Amino acid sequence: MFKDLFQKKRKYATIPSERLERSGGPSEGERPKREIPEGLMSKCSKCGTIQYSKELEKNLKVCPACGHHMRLNALERIAVTLDPEGFIEFDSEMTSVDPLQFPGYASKLEQQRSKTGQVEAVITGQGTLGGHPVIVAVMNFEFFSGSMGSVVGEKITRAVEEATEKKLPLLIFSTSGGARMQESILSLMQMAKTSAALARFGESGGLYISVITDPTTGGVSASFASLGDIIIAEPGAVFGFAGRIVIEQTIRQKLPDDFQTAEFNLQHGQLDLVVHRKEMRSTLIKLLELHDVKGGF
Amino acid sequence: MAGELPFEMPLVEMRKKIAELKQFGEEKGIDFTDEILRLEERYRVLADEIYSNISAPQKMHLARHHGRPTSLDLIGLIFTDFLELHGDRQFGDDLAVVGGIAKLNGRPVTVVGQQRGKDTKDNIQRFFGSAHPEGFRKAMRLMKQAEKFGRPVITFIDTKGAYPGNTAEERGQSEAIARNLYEMSMLAVPVICVIIGEGGSGGALALAVGNRVLMLEHAIYSAISPNGAASILWKDASKAEQAAEAMKITAADLLEMEVIEEIVPEPRGGAHHDYEAAAESIRDAVWRHLQELSSLDAAELQEDRYRKFRKIGEFAEGSQESELPEEEVQSVE
């Protein structure tokens, strides 16, 4: 079961139980048995509403008060999206090396691995969605800000090639800060590699649905994330090429709050749909059904 | 000569000394011929030493030199009959990208490149060579036009990166770049790309998906500008020189990593010293590669381009998997 894959570590804001105890609980000096376990409550990073973590999880990490879509890691995303059984991961042991001997890269990689329990910023594989077989790639912002180096580029490319070969639909959930600087030109080239693979897949008539999750920027946004036949984003997800700060410095103006959000992009014609997390699975299934022309006309 | 870079200062000093000595000799009627010859010999040795050991940070400055030939400078010298064409047919005509049809040794080709300005006014019009989506779409339109009429595509890359502005984002900067990568990979004609100055990030790559990617000797090419990398990594943009070193941005580095196919030599000290020599050097290399590619048909050209980019990337595969034969690894079901 995918639930077993969930990490116990929680990535969203939690309220330490000590503080809760203090308000009305036993005195600080002697701290007997904790009555409220760690991480029981969670705070929405946008509106600040405090709620039970379990409730929040049931709500797919969407704040019930303000509708803010909190980030999911790759395992959580797979769990809430795909059918519960039958996911087969590809290339699970592919890891980054330090091809340029870039200062600090090796240790940063090590740190990211132990922090997240993951080996890289994308999980790829084959699964089913409402019974439809799909090739899936899910990026993980927790790992190295979802940056694309050789491994992310290679795993995505292999997934696209697999989809081409098996004539299966392709589903990619993107989230990334952009190219992984520590691999410099090699990471830039992954943009061309993944896009070229998608061009072949596209020529073969394959369906590619790109789902933009918060945030998707830089080299990922300017390659495979923007090449979907259908591009869907989660509400509020930031999606753009250049970073807000860089743009503000360039144009010497303050940008509106909604700049580069999913809604902003929809308004500017850059997206097909903005879909609430609760409706994402059913929307994807519907799209797969609409493209399933096995029966012919 | 004006516009010397800091690393060339010892040569400037020496030239000044030689000139002073000559003048002094003439004025006073003293014969310094031997001294001058000796100094000139020392100058040659020093120049050889300085110009044969240009570091990555020095190349970064050379690649950005204000006198460095731009795409239009080189197009004028390399090709004949250049006819510039304009616009993306959707929004406007982005002057940060130039393109059109020309003849290379008598053969019609399509040429596209990023264009820096020659002075401040020109630079403002051309957004310093940083394209908006319409610039990338203009380039794509011209490349598709080339494909239709069977003309090879030659691109010149010279940009700090795609324009980072709100209007660019609103019109789909990401999509414009991504679409170029996608479409360029499928062009049915030969595509030869030359990095002539600064190859910065996705904005550079959007014109650089070619069968052959060549690079001028002192050009640089990277995922992010050294300044950008320094400010992100060390919160200090002034460490750009340090970043330039770490990021492996020189033509020699990229040739070793098999990202480019060939280094195109520049006149000593850089292309700005002799535009014509630089142009001739590029023309020879491009022509040679074009002839090599002319025997390939459309499918072979696409396959060749795919293979070129497909193999780029360094990673480790899990020990467990690498022990399995190739076939088994690939058909994990």
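Residues numbered from 1 in each chain as written. Chains lettered and ligands numbered in written order. Predicted model: local features only at pLDDT ≥ 70, side-chain atom pairs only at ≥ 80, totals over all residues. Heavy atoms only, no water.

Student: Provide a residue-level description of the overall build of chain A, including the pertinent values.
Tutor: Within chain A, the regular secondary structure consists of 10 helices and 11 strands. Classification of the 297 residues of chain A by burial places 55% in the buried group. Pairs at least 24 apart in sequence give 67% of the contacts found in chain A among residues at least 6 apart. Within the structure as shown, chain A displays about 12900 Å² of accessible surface, and the carbon and sulfur contribution to it stands at 52%. (Helix = DSSP H or I, 4+ residues; strand = E, 2+ residues; numbered from the N terminus. Buried < 20%, exposed > 50% of the residue type's maximum accessible area, 1.4 Å probe, protein only. Contact = heavy atoms within 4.5 Å. Areas by Shrake-Rupley, 256 points an atom, 1.4 Å probe, with all protein chains shown as cover.)

Student: Now, about the overall build of chain B: what can you tell me, with residues and values included?
Tutor: Regarding its fold elements, chain B presents 16 helices and nine strands. Projecting the C-alpha coordinates of chain B onto the three principal axes gives extents of approximately 90 × 55 × 45 Å. For chain B, the residues scored as buried account for 55% of the 333 residues in total. Considering only contacts in chain B between residues 6 or more positions apart, those separated by 24 or more positions represent 72%. As presented, chain B carries roughly 14500 Å² of accessible surface, and 51% of it is formed by carbon and sulfur atoms. Each charge class in chain B was averaged separately, 39 positive and 56 negative side chains, and the resulting centres sit 5 Å apart. (Lys, Arg positive; Asp, Glu negative; His and termini not counted. Charge placed at Lys NZ, Arg CZ, Asp CG, Glu CD.)

Student: For the pairing of strand β6 (residues 212-216) of chain B, give the residues involved together with the corresponding values.
Tutor: Residue and element names in this part refer to chain B. Here β6 lies mainly inside the structure; five of its five residues are buried. Covered by surrounding structure in β6 are R212, L214 and L216 together with V213 and M215, the residues of both alternating faces. Pairing of strand β5 (residues 191-200) with β6, which is carried by four bridges, proceeds in the parallel orientation. Across the sheet, I192 pairs through a bridge with R212, a residue of β6. Relative to strand β8 (residues 262-264), β6 runs parallel, the two sharing three bridges. Residue pairing for β8: M215 is matched across the bridge by I263. (Pairing = 2+ DSSP bridges.)

Student: Tell me about the interface of chain B and chain A, and name the residues and values.
Tutor: Between chain B and chain A, the contact holds 54 residues from the first and 59 residues from the second. Both faces combined, the contact of chain B with chain A buries some 5000 Å², and carbon together with sulfur accounts for 65% of it. Here chain B is connected to chain A by four salt bridges. Put simply, E303 of chain B and R200 of chain A hold a salt bridge, and the shortest N to O gap is 2.4 Å. Taken together, the links from chain B to chain A amount to 19 residue pairs in polar contact (both at pLDDT 80 or more). Here the residues of the side of chain B that touches chain A sort into 27 nonpolar, 14 polar and 13 charged. (Buried area = accessible area lost by both parts, 1.4 Å probe. Salt bridge = Lys/Arg side-chain N within 4 Å of Asp/Glu carboxyl O. Polar contact = N/O pair within 3.5 Å; in protein donor to acceptor, adjacent residues only side chain to side chain. Nonpolar A, V, L, I, M, F, W, Y, C, P; charged D, E, K, R; others polar.)

Student: How would you sum up unusual backbone geometry? Please name residues and give values.
Tutor: The omega torsion across D214 of chain A and P215 of chain A is -15°, close enough to zero to call that bond cis. Take P215 of chain A: it is sitting in strand β8 (residues 208-217). We note that R89 of chain B has phi near 65°; this positive angle belongs to a residue other than glycine. Mapping R89 of chain B onto the fold places it in the loop between β1 (80-84) and β2 (97-104). Although it is not a glycine, F128 of chain B adopts a positive phi angle of roughly 55°. Turning to its location among the elements, F128 of chain B is positioned in the loop between α5 (120-125) and α6 (133-148).

Student: Would you mind going over the nonpolar core in detail, with residue names and values included?
Tutor: Counting 135 residues, the largest nonpolar core has F79, F156, Y221 and I282 of chain B as its most contacted members. Looking at this core element by element, the count peaks at 11 residues for helix α6 (residues 184-203) of chain A. Those residues in contact with I282 of chain B that lie beyond four places of it in its chain are L74, I78, F156, V194, I196, L216 and V264 of chain B. Counting 23 residues, the second largest nonpolar core, distinct from the first, contains I123, L207, V211 and V275 of chain A. (Core = buried A, V, L, I, M, F, W, Y, C linked by side-chain atoms within 4.5 Å.)

Student: Report on the pairing of β5 of chain B, specifying residues and quantitative values.
Tutor: All names here are of chain B. Summarising burial for β5: 10 of the 10 residues are buried, a large majority. Judged from the six bridges that link them, strand β4 (residues 153-159) and β5 form a sheet pairing that is parallel. Each residue of the ladder has a partner; that of T155, found in β5, is C193. Sheet topology note: the β5/strand β7 (residues 220-222) ladder contains three bridges and is parallel. In the strand pairing of β7, G199 is matched with Y221.

Student: How would you explain the domain arrangement of chain A if you had to name every residue and give the values?
Tutor: Residues and elements named next belong to chain A. By the assigned domains, chain A splits into domain 1 (33-70) and domain 2 (71-290). Contact with domain 1, which involves six residues of that partner, is made by nine residues of domain 2. Together domain 1 and domain 2 conceal approximately 770 Å² of surface at their shared face, both sides included; 56% is due to carbon and sulfur atoms. Counting the surface domain 1 buries against domain 2, the share from its top three residues, L60, H69 and M70, is 69%. Here domain 1 is connected to domain 2 by one salt bridge. Ionic pairing is found between K61 and E76, a salt bridge with its closest N-O pair at 2.7 Å. Where domain 1 packs against domain 2, one counts six residue pairs in polar contact (both at pLDDT 80 or more). (Domains from an automatic or database assignment.)

Student: Outline the packing of helix α5 (residues 150-166) of chain A against α6 of chain A, supporting the account with residue identities and numerical values.
Tutor: Residues and elements named next belong to chain A. Interhelical geometry of α5 versus α6 gives an angle of 5° and a closest axis separation of 9 Å. The pairing of α5 with α6 is recorded here as roughly parallel in orientation. For the pair α5 and α6, the contacting residues are S150, G153, E154, I156, T157, V160, A163 and T164 in the first and L186, Q190, K193, T194, A197, L198, R200 and F201 in the second. For the contact of α5 with α6, the per-class residue count stands at seven nonpolar, six polar and three charged. (Axes fitted to C-alpha atoms, helices over the stretch in contact; angles between N-to-C directions. Parallel < 35°, antiparallel > 145°, perpendicular 65-115°, else oblique.)

Student: Quick one: what's the story with a negative patch on the surface, residue by residue and with numbers?
Tutor: Residues and elements named next belong to chain B. Together, D274, E276, E280 and D284 give the surface a local cluster of negative charge. When you line up the elements, D274 lands in the loop between β8 and α13 (275-293). For D274, a relative accessible area of 34% puts it in the partly exposed group. (Patch = residues over 30% accessible without salt bridge, like charges linked within 9 Å, V, L, I, M, F, W, Y side chains within 5 Å.)

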